[in-house]
Each structure stands twice: as structure tokens, then as C-alpha cells.
Amino acid sequence: MAIPNIVHVVGARPNFMKAAPVIRALQAFPVSQRLIHTGQHYDPELSDVFFEQLRLPAPDANLAVGSGSHAAQTAALMLAIEHEFLRFDPTAVAAYGDVNSTMAAALVAAKLGIAVAHVESGLRSFDTQMPEEINRRVTDLLADWLFVTAPEGLENLRAEGVPDSRLWYVGNPMIDSLVTVLPGIDDEVGGRPFAAEPYAVATVHRPSNVDDPDAARSVARMLQATAALLQVVIPLHPRGRSTLMAAGLRPSARLRIVTPLGYREFIALVRRAAVVVTDSGGLQEETTFLGTPCLTIRTTTERPCTITHGTNRLVSPEEVPAAVARILAGGRPATRALPPLWDGQAGTRIASILADLVGGHRGL
Ligand code: UD1
């Protein structure tokens, strides 16, 4: 019998830390693996540095689809992915998270009759203005095997009528990567000039915060006002750079705008931060695990367990300076219980289930 062949599809920065633990754990099973990098993210600091630091294998195919409108990018992704699926003939495809590459991989696989495993199933912001919400819903609709990483994911999928026979609650592989990288990372920040005092880390890249000039102005004002309270370090995603600068964001000694950081450097920075201000999805989870207070400048979250279990709060840009002042006065919150199975072992659980599903046998 031929060895089952699992093809992983990754394309954008948040995919890499979710896929790495699964790929690593699957190496203990008698399955072959292929890795496709779609090239949705292509800048070295959004891609190559993560491959190195997470020890991801070199991709078997690099599709270099690059940027474009949603339709243009998704179409380019689908054409290029179809070509590789026909070449690699997967037993199953593993897709991660909620980016355009995830949805494109699920659509192509489903139409070729290839089983789809979705890692990070069931998250819902219930805001279809977010491209990620559309990607999540489409991917979950098409997926055969849904790996759920946060407790609310199970409720959401059951409410949508997904039978329990297709659901597995496995914990969060993003936390696996975090746990793996933690030893020794404090050195990454220790020598930096701002590290002697309390500092905030801010990241902002959502279309709703950076594409519209009014929204970008309000975010820029918020960041300047926060810098009056403490030092702010902003590893700026390329998406928001020009609009935020046009909206009045000005670097200074207290407001440091830096290029996107590698995974180790970034996690080290966040771990020691007094507060994080962000619109990222993954960072809400990472701050929950690290116990760093997090202010999310969005009106919804697909990750409510980061509020109920973790350190996260949803705020408007206008509310940020007062919320930061309160956090500075109150210190880090006491540790609460983490969401179930955010224990660094999610990749092993996913690998074991996936290997069984594709017909592999328990490994070494
Ligand atoms: C994508 C994901 C988002 C995720 C984010 C993490 C979708 C719909 N969005 O958003 O969910 O939170 O990644 O970073 O899949 N660009 C570069 N270099 C790159 C890639 C992009 O400069 O390597 C610039 C281009 O101007 C591009 C823009 O960023 O047009 C947006 O890139 P895109 O991949 O469309 O979405 P992100 O905003 O990065």
C-alpha cells in the first residue's frame, strides 16, 4: 500500500507558527509530507525568518503568488495550488488559520476530491466585513476534518450543524511554537535601549484600521497619545506603513517604528512589555499565554477565550491611552486559567489523529 501523502499549505506569516508543530510531530508517523508556500507573504521579514526560527523544512513548492486584490490573489492562489496538488497527488491537505491561502487551498482540494484538514476551525467574529471571517467560514464548510483550537470553536461549529464525527478539540499549535521558542529568548531584548523602562508593543495592520484615512488618523493619534505615557515600539507591517505615516504617525525616541521582527525577537519583546496594543488575531492568544495585558483595537474578536480566560480587552482607539494608564498603575494581572489544552502538545495531537485518518499507523 502506498504511504499516505499529506500536503501542507502555508502562505502568510500567521500560518507558519501553526504549521511547524504539526509538520514536526508528523515526522514520527509513516506518512510522507510536502510543504507548499504560496508566497502570499514574500518579504524576508514576513516569511524567511520564520522558516529559519521555527525550523520549518524548505518548501517543496514556492508559488510566489504575491499581492493583489482579494479576487486576483485568490484566483492566482487557486491556479497555482491546483497545479501542485495534481503534481503531488495528496491523500489529504492541511490548511491553517484564516488567510486567503487557507481558503484557496480548501476550495481547490475540495473540488479535486482531496480530504481537507483545517487547523484552527470554528473561530467566528460574526463580522463578514473581515476577509478572514469569510475565509474561515468557507474553509470550515469544505473541510472534512476540523481541528478546533479554542473552546468556543466547538460551540460555533455545532451551532452550524457540523457533526461531532468531524470535530476534534486539540488545543492550540500556535502555543506549541511559543513554548518551543521561549527558552533563552530574553537575550533578544535585554540589550535594547528601551528595555530598561516599561514599554508598550503596538502592531496594526487590519484593513479596518489602516486602509481608511479617517481610521488611520485615529490610530496614529492613539499611538502618539500612548507614547506620552510610556515608550512605544511598533514593528510595522508593510500594509499600514504609508497610510499611517500619511495620517500623521511620527517616529521619535519614545515612539520607535521598526521593521517587522522575527518570531524570537517579537515574542521576547511581547513577553517583557507592560502592555500590547494590537489588531492582530494571533497576538491576542500569545499575550493570553504570556500574561501580558492586551488591548485589541477592534469591535469584535473571533477569540473570546482570550478575554474570558486571558488578558485581552476590546477597546476603541480613543479608549487606549486611559486603559494603558490604568494598566501601568495596576501592573500585570494575576494569572488565570489558560484555555483547555493550550499546553504545547497540540501538534502531537493533530499529527496522531491526522495520521490515523489518512490510514497511517501509530509511529515510533
Ligand atoms: C494577511 C492576512 C491576515 C493576516 C496577515 C498577517 C488575508 C486576507 N489577510 O494580511 O489575515 O492577519 O496576513 O500578516 O489573507 N505586503 C508586503 N510584503 C509581503 C506581503 C504583503 O509588502 O510580503 C503588502 C502588500 O502591499 C500587500 C499588502 O501588504 O498588498 C497586504 O498583503 P496581503 O497578503 O493581501 O494581506 P495582509 O494585510 O498581509
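Residues numbered from 1 in each chain as written. Predicted model: local features only at pLDDT ≥ 70, side-chain atom pairs only at ≥ 80, totals over all residues. Heavy atoms only, no water.

### Structural notes on the sheet that holds strand β8 (residues 199–203)
- Across the sheet, which stays open at both edges, the six strands sit in the order β10-β9-β8-β11-β12-β13 with parallel pairing between neighbours. Lying at the two open borders of the sheet, with one neighbouring strand each, are β10 (255–258) and β13 (312–314). Ignoring which end each strand starts from, the neighbouring axes of this sheet average 20° apart.
- Sheet analysis places strand β12 (residues 294–296) next to β13, joined by three bridges and oriented parallel. Within β13, the residue paired with C294 across the bridge is N312.
- Helix α12 (residues 263–271) contacts β8, β9 (231–235) and β11 (275–278) of the sheet and is inclined by roughly 130° relative to β8. (Pairing = 2+ DSSP bridges. Helix = DSSP H or I, 4+ residues; strand = E, 2+ residues; numbered from the N terminus. Axes fitted to C-alpha atoms, helices over the stretch in contact; angles between N-to-C directions. Contact = heavy atoms within 4.5 Å.)

### Details of the domain arrangement of the protein
- One can read the domain layout of the protein as domain 1 (5–172 + 342–358) and domain 2 (185–330).
- Listed by partner, the interface residues are 24 residues for domain 1 and 21 residues for domain 2.
- When domain 1 packs against domain 2, close to 1,900 Å² is buried across both sides, 59% of that on carbon and sulfur atoms.
- Linking domain 1 with domain 2 are three salt bridges.
- Across the pair E302 and R136 runs a salt bridge whose closest N-O atoms are separated by 3.5 Å.
- Where domain 1 touches domain 2, the interface holds seven residue pairs in polar contact (both at pLDDT 80 or more).
- Elements with a contribution of two residues or more to the side of domain 1 that touches domain 2: α1 (13–26), α2 (48–53), α5 (131–142) and α6 (151–159).
- Of the residues assigned to the side of domain 1 that touches domain 2, the class counts are 10 nonpolar, four polar and 10 charged. (Domains from an automatic or database assignment. Buried area = accessible area lost by both parts, 1.4 Å probe. Salt bridge = Lys/Arg side-chain N within 4 Å of Asp/Glu carboxyl O. Polar contact = N/O pair within 3.5 Å; in protein donor to acceptor, adjacent residues only side chain to side chain. Nonpolar A, V, L, I, M, F, W, Y, C, P; charged D, E, K, R; others polar.)

### What to know about the packing of helix α3 (residues 70–88) against helix α4 (residues 100–112)
- With their axes 9 Å apart at the nearest point, α3 and α4 run at an angle of 50° to one another. By the angle class used here, α3 and α4 are oblique. Handedness of the crossing formed by α3 with α4: right-handed. Between α3 and α4, the residues in contact are H70, Q73, T74, L77, M78, I81, E82, F85 and L86 and N100, S101, M103, A104, A105, L107, V108, A109 and L112, respectively.
- Taken together, the residues that form the contact of α3 with α4 break down as 12 nonpolar, five polar and one charged. (Parallel < 35°, antiparallel > 145°, perpendicular 65-115°, else oblique. Left-handed = near helix turned anticlockwise from the far one by under 90°.)

### A few points about the packing of α12 against helix α13 (residues 282–290)
- The N-to-C vectors of α12 and α13 enclose an angle of 55°; their axes lie 10 Å apart at closest approach. Classified by the angle between their axes, α12 and α13 sit oblique to one another. With respect to the hand of their crossing, α12 and α13 are arranged in right-handed fashion. Contacts between α12 and α13 involve Y263, F266, I267, V270 and R271 on the former and, on the latter, L283, E286, T287 and L290.
- Of the residues assigned to the contact of α12 with α13, the class counts are six nonpolar, one polar and two charged.

### Digging into the pairing of β10
- Residues L255 and I257 of β10 are buried on one face, while the alternating residues R256 and V258, pointing to the opposite face, are not.
- Sheet analysis places β9 next to β10, joined by four bridges and oriented parallel. Looking across to β10, one finds that V232 is bridged to L255. (Buried < 20%, exposed > 50% of the residue type's maximum accessible area, 1.4 Å probe, protein only.)

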